[in-house]
Amino acid sequence: MIEERRLFEEVGLRIRRLRGAPTDGGARLTQADLAEMVGLERTSITNIERGNQKVSLQVLYRICEALRVPVTDVMPAIAEVQAPAQASLEEFTFASKAVEMTPLVKQALLERLRGS
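What counts as what
- Residues numbered from 1 in each chain as written.
- Predicted model: local features only at pLDDT ≥ 70, side-chain atom pairs only at ≥ 80, totals over all residues.
- Heavy atoms only, no water.
- Helix = DSSP H or I, 4+ residues; strand = E, 2+ residues; numbered from the N terminus.
- Contact = heavy atoms within 4.5 Å.
- Expected span 1.5 Å × (residues − 1).
- Buried < 20%, exposed > 50% of the residue type's maximum accessible area, 1.4 Å probe, protein only.
- Core = buried A, V, L, I, M, F, W, Y, C linked by side-chain atoms within 4.5 Å.
- Salt bridge = Lys/Arg side-chain N within 4 Å of Asp/Glu carboxyl O.
- Axes fitted to C-alpha atoms, helices over the stretch in contact; angles between N-to-C directions.
- Parallel < 35°, antiparallel > 145°, perpendicular 65-115°, else oblique.
- Left-handed = near helix turned anticlockwise from the far one by under 90°.
- Nonpolar A, V, L, I, M, F, W, Y, C, P; charged D, E, K, R; others polar.

1. Some details on the environment of arginine 28
Move 1: When you line up the elements, arginine 28 lands in the loop between α1 (4–20) and α2 (31–38).
Move 2: Apart from the residues within four sequence positions on either side, arginine 28 is in contact with Arg19, Gly20, Ala21, Pro22 and Asp33.

Here's what the structure looks like:
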């Protein structure tokens, strides 16, 4: 499953890096420069770069056009924004109480109880 927060943070990070890279003329773009080029406020660019503001596809394309990069340069791979896989839980009963834990924790606990 894709973590929306991680997705927008990664997109923002890539936009910030690309904006900070020197352009053809040798100068880098400021947030204000980029905002003016795409028709946004500077604070919107700040929030997009921090991952605090969702960026629409239209705005994303305008940003990429201003940065002179393909949209694929700001889009992370799915694996980069996926939620970590949930560890499966197993039940362990001790002193008449059932507790759920990961298999690794269960194994370590059993080893400790056996005195290994």
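The structure having been displayed, the exposition proceeds.
2. Regarding α1
Move 1: End to end, α1 covers 24 Å across 17 residues, agreeing with the expected 24 Å (1.5 Å per residue, within 8%).
Move 2: Along α1, the residues that are buried comprise Phe8, Glu10, Val11, Gly12, Arg14, Ile15 and Arg19.
Move 3: Here the buried face of α1 lies against α2, α3 (42–50), α4 (57–67) and α5 (78–81).

3. With respect to the nonpolar core
Move 1: Counting residues in hydrophobic clusters, the biggest one holds 19 residues, and the most contacted among them are Ile15, Leu34, Val55, Leu60, Ile63 and Leu67.
Move 2: When residues of this core are assigned to their parent elements, the largest contribution, six residues, is made by α4.
Move 3: Not counting chain neighbours up to four residues away, the residues in contact with leucine 67 comprise Ile15, Leu18, Arg19, Leu29 and Leu34.

4. Comments concerning the pattern of salt bridges
Move 1: The full count for this structure, using the stated rule, is six salt bridges.
Move 2: Across the salt bridge formed by glutamate 9 and arginine 5, the nearest N and O atoms sit 3.1 Å from each other. Pair noted here: glutamate 9 and arginine 5 are both in helix α1, with a separation of four residues, about one helical turn.
Move 3: Judged by relative accessible area, glutamate 9 falls into the partly exposed class, the value being 32%.
Move 4: A residue is classified by how much of its surface remains accessible, and arginine 5, at 47% relative accessible area, is partly exposed.
Move 5: With a shortest N-O distance of 2.9 Å, arginine 14 and glutamate 10 are connected by a salt bridge. Placement of both arginine 14 and glutamate 10 in helix α1 is noted, with a separation of four residues, approximately one turn of the helix. One exposure class covers both arginine 14 and glutamate 10, and it is buried.
Move 6: Salt bridges linked by common partners bring Glu10, Arg14 and Glu80 together as one network.

5. Points about the environment of glutamate 41
Move 1: Take glutamate 41: it is sitting in the loop between α2 and α3.
Move 2: Residues glutamate 41 and serine 96, spaced 55 residues apart in sequence, show a C-alpha to C-alpha distance of 62 Å.

6. Comments concerning unusual backbone geometry
Move 1: If you check the backbone angles, arginine 68 has positive phi at about 60 degrees while not being a glycine.
Move 2: Judged by relative accessible area, arginine 68 falls into the exposed class, the value being 64%.

7. As for the packing of α1 against α4
Move 1: Two elements in contact, α1 and α4, have axes whose closest approach is 10 Å; the angle formed by their N-to-C orientations is 25 degrees. Classified by the angle their axes make, α1 and α4 are roughly parallel. When the axes of α1 and α4 are compared, the crossing they make is left-handed. Between α1 and α4, the residues in contact are Val11, Ile15, Leu18 and Arg19 and Leu60, Ile63 and Leu67, respectively.
Move 2: Residues belonging to the contact of α1 with α4 are distributed by class as follows: six nonpolar, no polar and one charged.

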